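Fold and contact review
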Amino acid sequence: MKFLLILQGDTSGDLCRDEFEDVASEAGELVGGELLADQQSAVTVPDRARATPIDAFYLVDVENRARAVELAQLLPDAHTAGRSVEVRAVMHSTAADF
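All of the points below concern the structure found in this document. What you see is a predicted model, and the numbers here were worked out from it, not measured in a lab. (Residues numbered from 1 in each chain as written. Predicted model: local features only at pLDDT ≥ 70, side-chain atom pairs only at ≥ 80, totals over all residues. Heavy atoms only, no water.)

1. Notes on the sheet that holds strand E3 (residues 54-61)
- Pairing within the open sheet is antiparallel, and its 4 strands lie in the order E2-E3-E1-E4. Two strands close off the open sheet at either side, each with one partner strand: strand E2 (30-35) and strand E4 (83-89). Strand-to-strand twist across the sheet, computed as the mean angle between neighbouring axes with direction ignored, equals 15 degrees.
- By the bridge criterion, 7 bridges tie strand E1 (residues 2-9) to E3 in an arrangement that is antiparallel. Directly across from Gln8, in E3, lies its bridge partner Ile54.
- Running at roughly 155 degrees to E2, helix H1 (residues 18-26) makes contact with E1, E2 and E3 of the sheet. (Pairing = 2+ DSSP bridges. Helix = DSSP H or I, 4+ residues; strand = E, 2+ residues; numbered from the N terminus. Axes fitted to C-alpha atoms, helices over the stretch in contact; angles between N-to-C directions. Contact = heavy atoms within 4.5 Å.)

Shown next as structure tokens:
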């Protein structure tokens, strides 16, 4: 199952995530991930304020939701005041039909 780990918060997202990346990579569960540009350069359509800024994400392919949560808990964002990690299941791959 694929899960998106959404890293969000009002504080700096400049945290060391090496432990998570090492564990998920070695297990063959890390599909990818990216840091996002500063929210000041973002455009929201329609123009509404977003309550919690998203500044990075990881896509993991794991056996079950419990494993995705276990990996999310390795991220320092899950233990830093003002930050959180949302674990959300990916319903299907948009590129599957191509």
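From this point, the narrative continues.
2. A closer look at the packing of aromatic side chains
- In the structure shown here, the tally under the stated rule is 1 aromatic pair.
- Considering the side-chain rings of Phe20 and Tyr58, the 4.6 Å spacing of their centres and the 55 degrees angle between planes classify their relative orientation as tilted. Taken together, the positions of Phe20 in helix H1 and Tyr58 in strand E3 put the pair 38 residues apart, joining distant regions of the chain. Accessibility classification places Phe20 together with Tyr58 in one group, the buried group. (Phe/Tyr/Trp six-rings, centres within 6.5 Å; stacked < 30°, edge-to-face > 60°. Buried < 20%, exposed > 50% of the residue type's maximum accessible area, 1.4 Å probe, protein only.)

3. Here's the deal with the pairing of E3
- In the sheet, E2 pairs with E3 via 5 bridges, with the strands oriented antiparallel. By the bridge assignment for E3, Gly32 is matched with Leu59.

4. Observations concerning the environment of Lys2
- Residue position: Lys2 is located in strand E1.
- Residue class for Lys2 comes out partly exposed when judged on its relative accessible area of 34%.
- Sequence separation of Lys2 and Glu29 is 27 residues, and the distance between their C-alpha atoms is 9.1 Å.
- Once residues within four sequence positions are removed from consideration, Lys2 is found in contact with Leu59, Val60, Asp61, Arg88, Ala89 and Val90.

5. Quick word on the nonpolar core
- Grouped together as the largest cluster of nonpolar side chains are 14 residues, with contacts concentrated most on Leu5, Leu7, Phe20, Val60 and Leu75.
- Listed by contribution, the elements that provide at least two residues to this core are E1, H1, E3 and helix H2 (65-72).
- Look past the residues within four positions of Phe20 in its chain and what remains in contact with it is Leu5, Leu30, Tyr58, Val60, Leu71, Leu74 and Leu75. (Core = buried A, V, L, I, M, F, W, Y, C linked by side-chain atoms within 4.5 Å.)

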